[in-house]
Amino acid sequence: MKKLQAAVIATFVTAGATLSSSAHAALDEATVTAIQTEVLGDVSTAVQAGFAVLAVVLASSIGFSLLGRFISKGANGG
């Protein structure tokens, strides 16, 4: 009886290992390349958005600084 149980367990372990290796094999190079392309596209979009926000913040900062100087000179008469 123990030999039968050991044989059944060995069969399940072998089947599990086979299914596991075939699951990893299903992730082929084309799929990996497609995922990589999508991720790089998303990163590129995020970087572009970050630079756009940075440009707006810098422009606003410079604009408010110039406006403050203009008001200060106007208030001081000169």
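Structure shown above.
Model, not experiment: these values are computed from the prediction. (Residues numbered from 1 in each chain as written. Predicted model: local features only at pLDDT ≥ 70, side-chain atom pairs only at ≥ 80, totals over all residues. Heavy atoms only, no water.)

Some points on the overall build of the protein
Logical step 1: Summing up its helical and strand segments, the protein has 2 helices and 0 strands in all.
Logical step 2: Looking at the protein residue by residue over its 78 residues, the buried ones come to 0%.
Logical step 3: Accessible surface for the protein amounts to roughly 6,800 Å². Of this, 72% is attributable to carbon and sulfur atoms. (Helix = DSSP H or I, 4+ residues; strand = E, 2+ residues; numbered from the N terminus. Buried < 20%, exposed > 50% of the residue type's maximum accessible area, 1.4 Å probe, protein only. Areas by Shrake-Rupley, 256 points an atom, 1.4 Å probe, with all protein chains shown as cover.)

Topic: helix α2 (residues 29-75)
Logical step 1: Helix length check: α2 (47 residues) gives 68 Å between terminal C-alpha atoms against 69 Å at 1.5 Å per residue, within 8%.
Logical step 2: Looking at the residues trailing α2, positive phi occurs at G77, about 80°. (Expected span 1.5 Å × (residues − 1).)

As for a nonpolar patch on the surface
Logical step 1: The grouping of I35, V39, V43, V47, F51, L54 and L58 at the surface amounts to a nonpolar patch, some 640 Å² of accessible area in total.
Logical step 2: With relative accessibility at 44%, the residue V39 sits in the partly exposed group. (Patch = residues over 30% accessible without salt bridge, like charges linked within 9 Å, V, L, I, M, F, W, Y side chains within 5 Å. Salt bridge = Lys/Arg side-chain N within 4 Å of Asp/Glu carboxyl O.)

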